[in-house]
Amino acid sequence: MWVVKLGGSLASDPALLQRWLETLARDGAGKVVIVPGGGPFADLVRESQSRLRFSDSTAHRMAILAMEQFGLTLAALSPGITPAESEDRIRESLQQGRVPIWLPGTMTLGNPEIPENWDVTSDSLAAWLARRLDADKLILVKSCPVPEGRVSTTELRRLGIVDAAFPDFMRDAGFPALALSSQVHEGFRATLATML
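Residues numbered from 1 in each chain as written. Predicted model: local features only at pLDDT ≥ 70, side-chain atom pairs only at ≥ 80, totals over all residues. Heavy atoms only, no water.

Caption draft 1: Local environment of the overall build of the protein chain. Check the secondary structure of the protein chain and you find 9 helices and 6 strands. Across its three principal axes, the protein chain shows a C-alpha extent of roughly 45 × 35 × 35 Å. For the protein chain, the residues scored as buried account for 49% of the 196 residues in total. Expressed as a percentage of contacts within the protein chain between residues at least 6 apart in sequence, the contacts between residues at least 24 apart total 73%. Accessible surface, the protein chain as shown: approximately 9000 Å² in total, 50% of it carbon and sulfur. A gap of 2 Å separates the mean positions of the 20 positive and 23 negative side-chain charges of the protein chain. (Helix = DSSP H or I, 4+ residues; strand = E, 2+ residues; numbered from the N terminus. Buried < 20%, exposed > 50% of the residue type's maximum accessible area, 1.4 Å probe, protein only. Contact = heavy atoms within 4.5 Å. Areas by Shrake-Rupley, 256 points an atom, 1.4 Å probe, with all protein chains shown as cover. Lys, Arg positive; Asp, Glu negative; His and termini not counted. Charge placed at Lys NZ, Arg CZ, Asp CG, Glu CD.)

Caption draft 2: Spotlight on the environment of Phe 41. Along the chain, Phe 41 turns up in helix H2 (residues 39–52). Separated by 26 residues in sequence, Phe 41 and Met 67 place their C-alpha atoms 7.5 Å apart. In this structure Phe 41 touches Ala 66, Gln 69, Phe 70 and Thr 73, once residues within four positions along its chain are discounted.

Caption draft 3: Summary view of helix H4 (residues 87–95). Those residues of H4 that sit buried are Ile 90, Ser 93 and Leu 94. Seen end-on, H4 carries its buried residues on one side only, within an arc spanning 100°. When the buried face of H4 is taken as reference, the exposed residues oriented beyond 90 degrees from it are Asp 88 and Gln 95. At the exit of H4 stands Gly 97, carrying a positive phi of roughly 75°. (Arc of directions from axis to C-beta.)

Caption draft 4: Geometry of unusual backbone geometry. Despite not being glycine, Arg 53 shows a phi value in the positive range, around 65°. Non-glycine residue Asp 172 carries a positive phi angle of around 60°. Checked against the element boundaries, Asp 172 lands in the loop between helix H8 (166–170) and strand E6 (177–181).

Caption draft 5: Seen up close, the nonpolar core. Counting residues in hydrophobic clusters, the biggest one holds 35 residues, and the most contacted among them are Val 3, Val 33, Ile 90, Trp 102, Leu 129, Leu 138 and Phe 166. Of all the secondary-structure elements, those providing two or more residues to this core are strand E2 (32–36), helix H3 (56–77), H4, helix H6 (122–132), strand E5 (137–142), H8 and E6. Apart from the residues within four sequence positions on either side, Val 3 is in contact with Val 33, Val 35, Ala 126, Ala 130, Leu 133, Ala 135, Lys 137, Leu 138 and Ile 139. (Core = buried A, V, L, I, M, F, W, Y, C linked by side-chain atoms within 4.5 Å.)

Caption draft 6: Looking closely at the pairing of E6. Counting buried positions along E6 gives 4 out of 5 residues, so the element sits mostly inside the fold. Bridge count between E5 and E6: 5 bridges; the pairing is parallel. Residue pairing across strands places Val 141 opposite Leu 180, the latter belonging to E6. (Pairing = 2+ DSSP bridges.)

Caption draft 7: Just the side chain of Ser 78, in detail. With respect to the secondary-structure elements, Ser 78 resides in the loop between H3 and strand E3 (81–84). The contact partners of Ser 78, leaving out residues within four places of it in the chain, are Leu 21 and Ala 25.

Caption draft 8: Spatial organisation of the pattern of salt bridges. Throughout the structure, instances matching the rule amount to 9 salt bridges. Of the charged contacts in the structure, one is a salt bridge between Glu 92 and Arg 89, with a shortest N-O distance of 3.0 Å. Highlighted residues: Glu 92 and Arg 89, both in helix H4, separated by 3 residues, approximately one helical turn. The partner of Asp 168 in a salt bridge is Arg 171, with the nearest N and O atoms 3.0 Å apart. Salt bridges sharing common partners tie together Lys 5, Asp 123 and Lys 142. (Salt bridge = Lys/Arg side-chain N within 4 Å of Asp/Glu carboxyl O.)

This is how it looks when you write it as structure tokens:
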């Protein structure tokens, strides 16, 4: 099973986002768990924090709820994708041959394993979930330019592709993490169809 984090920035290209959702729903059925980014909902949290000056802890909790909003949006756009709030529900959806999309609030809000600041975004949360699920691979789909080939988590952080906490969340993980440009959709589709 793979965990695939869909970056919230894909919301800026609805046609490309729809292609990713169709591929994941069709070829990832029973094999893929989607972690949503925060999308435009997280952008509003950042803007509001800048204007109103509330704490990073409050912003972190709001950003998790932003992930839930984007996750619900993605599920509404693709009937093959099912919202799932718990590990049990995720596993149940996979066993039913569906593609669960994780709504992280229940499992993460107030969880002492997860620092409540902007160092932890959906990237680190995807790594945290992948560990909980004993995933075979973590794929991070990004709208920004991504170097080809295998790149260390430290280098991904240095390039600003992942959040600051991501290398810590991936330390000693039993699976690889790969960042992909959202533009390599067709290549990912072929890999997903043959490798799972």
